[in-house]
Amino acid sequence: MGKPVYILGIESSCDDTSASVICNAKVLSNIVANQEIHSKYGGVVPELASRAHQQNIVPVIHQAIEKANISKEDLSAVAFTRGPGLMGSLLVGTSFAKSLALGLQIPLIDVNHMQAHILSHFIEESSTKIPPFPFICLTISGGHTQIVKITNHFEMEVLGETIDDAVGEAFDKSAKILGLPYPGGPMIDKYAKLGNPKAFKFTKPKVGDLDFSFSGLKTGILYFIEKNQRINSNFIKENLHDICASIQHTIVEILMDKLKNAVKYSGIKQIAIAGGVSANSEIRNRLHLAEKQFGWTTYIPKFEYTTDNAAMIAITGYLKYLKNEYADVSVTAKARLKVTQ
Ligand code: KG4
Ligand code: ZN
């Protein structure tokens, strides 16, 4: 057995400041500071996010190291999110990671946030299994909706993706129409549990077999709500559970249809999900069912590794550390970065 590798991961791409320490592939700590401030604006305000990261980053990293019960001198490397994300937010994590790595004289490792959502499946946990290669990952978050074929840790191919809104946006924008606070995904999930998913019918979009489109659905929901509110101004209040259940059901149906197409196309039946929307209870249930229904083997991340977190950055950093793939101090944050970059 070699010396244990300790990686500090730092995530600051959007509105969560997070730090995590892992020992090899096991998580010792994973601290996430959510930014409450955005909920009253109905979405993330970049300027406020950047400022909140600056306030949170030191205490969050301190807590992560303390909870891991190590000292910063034990760290083998510092991994950070280089992109994609909001530039002002990314810059906070990037500059902090650089100075920490320089100060401790340890390697600096840049991580692609989209790869990290997928590679969170390689965190060793007693409750989840690790997918074998090749597998298909449906990455569903607030910024992205993709079907990716993973042949090796860093060998990925995008089979399909959204041509407009991300699925998380579809949840959040629908929630906004219903007057629910940001982020609306978890609220829709909560109310959907109490409603009838077949109460209302929304039209599914017509796009390529493996691509997604959610902007039409959002408009359809807006018109449907406006029309019914004109007839009965209490329509939302009286039907909230059924509306949420029906919206969620439509979205999950779209996701399942595309996954079925991806299995047909690739012949791969090892299916993983990742990203914030993979916290959704209906998609998790449907994937469990798909094991019996279609003979798939499904990989559903532990709840805390679905939405943005630094443990996924640390595990990706660890996998790069094993390959000696380090970043130079001249590395810069990138607001746009493809999953394959
Ligand atoms: O991965 P993530 O934390 O951030 C991005 O990289 O975008 O994803 C955030 C998204 C938001 O749109 C949020 O509404 C959605 O994930 N989300 C959910 C649930 N939990 C989070 N959507 C549906 N059901 C949930 N339970
Ligand atoms: Zn994310």
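Residues numbered from 1 in each chain as written. Chains lettered and ligands numbered in written order. Predicted model: local features only at pLDDT ≥ 70, side-chain atom pairs only at ≥ 80, totals over all residues. Heavy atoms only, no water.

1. Structural notes on the coordination of the zinc ion (ligand 2)
- Binding of the zinc ion (ligand 2) to the protein goes through His-113 (NE2), His-117 (NE2) and Asp-308 (OD), at separations of 2.1 to 2.2 Å.
- Given a relative accessible area of 5%, His-113 falls into the buried group. (Donors = N, O, S within 2.8 Å, 3.2 Å for Na, K, Ca; no water. Buried < 20%, exposed > 50% of the residue type's maximum accessible area, 1.4 Å probe, protein only.)

2. Observations regarding the pairing of strand β5 (residues 108-112)
- Of all five residues in β5, five are buried, a share of seventy percent or more.
- Across the two faces of β5 the burial is the same, with Leu-108, Asp-110 and Asn-112 and Ile-109 and Val-111 all buried.
- The sheet contact formed by strand β4 (residues 77-83) and β5 spans five bridges and is parallel. In the strand pairing of β5, Gly-83 is matched with Asn-112.
- Note that the unit made of β4, helix α2 (residues 87-104) and β5 has a crossover that is right-handed. (Helix = DSSP H or I, 4+ residues; strand = E, 2+ residues; numbered from the N terminus. Pairing = 2+ DSSP bridges. Right-handed = clockwise from strand over helix to strand, strands pointing away.)

3. What to know about the site of ligand 1
- Close contacts around ligand 1 come from 19 residues, with Gly-142, Asp-172, Asp-189, Gly-276 and Asp-308 the closest.
- The contact in question runs from an oxygen atom of ligand 1 to an N or O atom on the backbone of Gly-143, over 3.2 Å.
- In this structure, an oxygen atom belonging to ligand 1 sits 3.2 Å away from a main-chain N or O atom of Gly-185.
- Summarising the interface, the protein chains cover 90% of the accessible area of ligand 1, which totals 550 Å² for the free molecule.
- When residues of the shell around ligand 1 are traced back to their parent elements, those giving at least two are α3 (113-119), α4 (167-177) and α5 (185-192).
- Two domains share the shell around ligand 1, each providing at least three of its residues, namely domain 1 (6-121 + 305-322) and domain 2 (129-300). (Near = heavy atom within 4 Å. Polar contact = N/O pair within 3.5 Å; in protein donor to acceptor, adjacent residues only side chain to side chain. Areas by Shrake-Rupley, 256 points an atom, 1.4 Å probe, with all protein chains shown as cover. Domains from an automatic or database assignment.)

4. Here's the deal with the sheet that holds strand β2 (residues 16-23)
- The strand order across the open sheet formed by five strands is β3-β2-β1-β4-β5, and the pairing between neighbours is mixed. The sheet terminates laterally at β3 (26-34) and β5, the two strands that pair on one side only. The average undirected angle you get between the axes of adjacent strands in this sheet is 20°.
- Strands β1 (6-11), β4 and β5 of the sheet are contacted by α2, whose axis makes an angle of about 155° with β4.
- Contacts from helix α9 (residues 311-321) reach β1, β2, β3, β4 and β5, with the element oriented near 130° to β1. (Axes fitted to C-alpha atoms, helices over the stretch in contact; angles between N-to-C directions. Contact = heavy atoms within 4.5 Å.)

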